[in-house]
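Chain by chain, the residues:
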Amino acid sequence: MHTVLEFPDAQAVVHSWLPEREIEPGAMEQIITAARHPEVGPVMAVMPDCHVGYGVTIGSVFPTVNTVLPNAVGVDIGCGMCALPTGIQFDPERMDRGFWRAWGGQVSRDVPTGFSWHKQQQELGDLERTLRAGPLQHLVRDRAAVQLGTLSGGNHFLEAQVDQDGQIWLMVHSGSRATGLKIAGFHNELAFANSSARGLAAGRDLASLPLNDELGQDYLHDMTWATDFALASRKQMMSSLLQALHRLLPSVDHTAGESLTGMINIHHNFANLEVHGDAELMVHRKGATSARDGEIGIIPGSMGSSSFIVRGRGNEASLQSCSHGAGRRMGRKQAKQRISEAEFVASLAGTFSKASKSYIDEAPGAYKSIDEVVGRQLDLIEVLHVLRPLMTVKGDSGAKED
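Reading the values: the criteria
Residues numbered from 1 in each chain as written. Predicted model: local features only at pLDDT ≥ 70, side-chain atom pairs only at ≥ 80, totals over all residues. Heavy atoms only, no water. Buried < 20%, exposed > 50% of the residue type's maximum accessible area, 1.4 Å probe, protein only. Helix = DSSP H or I, 4+ residues; strand = E, 2+ residues; numbered from the N terminus. Pairing = 2+ DSSP bridges. Patch = residues over 30% accessible without salt bridge, like charges linked within 9 Å, V, L, I, M, F, W, Y side chains within 5 Å. Areas by Shrake-Rupley, 256 points an atom, 1.4 Å probe, with all protein chains shown as cover. Salt bridge = Lys/Arg side-chain N within 4 Å of Asp/Glu carboxyl O. Axes fitted to C-alpha atoms, helices over the stretch in contact; angles between N-to-C directions. Contact = heavy atoms within 4.5 Å. Polar contact = N/O pair within 3.5 Å; in protein donor to acceptor, adjacent residues only side chain to side chain. Parallel < 35°, antiparallel > 145°, perpendicular 65-115°, else oblique. Left-handed = near helix turned anticlockwise from the far one by under 90°. Nonpolar A, V, L, I, M, F, W, Y, C, P; charged D, E, K, R; others polar.

> Could you give me a rundown of the pairing of strand S8 (residues 167-174), with the residues and numbers involved?
Across the 8 residues of S8, 8 count as buried, placing the element largely inside the fold. Judged by which residues are buried, S8 turns out to be covered on both faces: Gln 167, Trp 169, Met 171 and His 173 on one side and Ile 168, Leu 170, Val 172 and Ser 174 on the other are all buried. Sheet topology note: the strand S7 (residues 157-162)/S8 ladder contains 6 bridges and is antiparallel. Note on S8: the bridge partner recorded for Phe 157 is His 173.

Printed below as a string of structure tokens:
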């Protein structure tokens, strides 16, 4: 259930699924600033995984009227989750540590991670289209074509899981990599110049672009490209995960799971024009996902904790949204200082994953309890499957908070 937060001079009422006492001061400051934005809609929503982000809190639903804010989408445009039920039953005797370490090794060979990417350009297909951010067009061939189907660092991951019925699932969390980041920065600079020219008192962090202006439509066009790129990249990686599993199980009948049919995709870090009540609003979900009535979604945990396949309830109090994950309880620098390697190793007990100093800021201890986060939003979603992690593949961490 949620609480209602009201602030002096605010233009929006804030519905929060995170208790006010647990909202960190920096995040609260960002929430108040957003609620006072001259273009904000009547209601904002704070998800139970909320924490400080760049400009706008991660885990927020921020609607505006007639404008779009690049920073309310975030720098990793279209970042999201894919999950695939494989139809393969988990066999604990056969699928031991050696099995999953072999799977992880094959995945790491097939999917470049961290600061690596493909040596050769990948086929872009429909993604080879013109960006409205003209100066960035070269990135489509120079960066996007070699980073398609690759995994960056930070909280992104590739994972094998098992559900409550013993079925193996595969999951991918990734975004739009360098090209999405550059698109976000390019349009935010234009938004700041445009907002200043319009006399909008919002600052660089909450600068906006009018939807009835070519600049606003240009951003939406390029945001869509980045979202499409992120999905295409997740699909390519998912195929690699599935092929690696099939390679280790040659005697299993794979005819039912040769394709990605049945794959669930849900993205966060995007903006969408929607009607809520009597108003048409540009709904920004930064570290939040859509949870329309009946919509299937994914709420992942950390690399040592469960993930959840959920179904949306279409709750209007949250603008039909839910959380995108567990949410950080420690910043990356703080996690590196406080979490020891021994603690990291211990937190992965029950999985076959390897702890590494290169991503100790991704240790489960750096995150909130996913069970508590999910439990706080059962009025937003219904839990369908609980997925326990078996093996997680990650890249070296070098990500920003969003």
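> Explain a nonpolar patch on the surface to me, using residue names and the numbers behind them.
A cluster of nonpolar residues, Leu 378, Val 383 and Val 386, forms a patch on the protein surface that exposes about 200 Å² of accessible area. Topologically, Val 386 is positioned in strand S17 (residues 381-393).

> I'd love a proper account of the sheet that holds strand S15 (residues 307-312), names of residues and values included.
The strand order S10-S6-S8-S7-S17-S15-S14 describes an open sheet built from 7 strands, whose pairing is antiparallel. Every interior strand has two partners, whereas the edge strands, strand S10 (264-267) and strand S14 (296-299), have only one. Each strand axis lies, on average, 30° off the axis of its neighbour in the sheet, ignoring direction. Note: strand S6 (residues 80-89) against S8, 7 bridges, orientation antiparallel. Its bridge partner lying in S8, Ala 83 is registered against Met 171. Here helix H3 (residues 97-110) sits on the sheet and contacts S7, S8 and S17; the angle it forms with S17, its principal contact strand, is near 85°.

> Please give an account of the side chain of Thr 150 that cites residues and values.
Within the fold, Thr 150 resides in the loop between helix H4 (138-147) and S7. Since its relative accessible area comes to 1%, Thr 150 is described here as buried. At 2.6 Å, the side chain of Thr 150 forms a polar contact with the backbone oxygen of Gln 147. Those residues in contact with Thr 150, other than ones at most four positions away along the chain, are Val 111, Pro 112, Ser 116, Trp 117, His 118, Arg 177, Ser 233 and Met 237.

> Describe in detail the packing of helix H5 (residues 177-198) against helix H6 (residues 214-248), supporting the description with residues and values.
Orientation of H5 relative to H6, taken along the N-to-C sense of each, is 170°, at an axis distance of 10 Å. It follows from the interaxial angle that H5 and H6 lie roughly antiparallel. Like other packed secondary-structure pairs, H5 and H6 cross with a definite hand, here left-handed. Two secondary-structure elements touch here, H5 through Thr 179, Gly 180, Ile 183, His 187, Leu 190 and Asn 194 and H6 through Leu 215, Asp 218, Tyr 219, Asp 222, Trp 225 and Ala 226. Broken down by class, the residue content of the contact of H5 with H6 amounts to 6 nonpolar, 4 polar and 2 charged.

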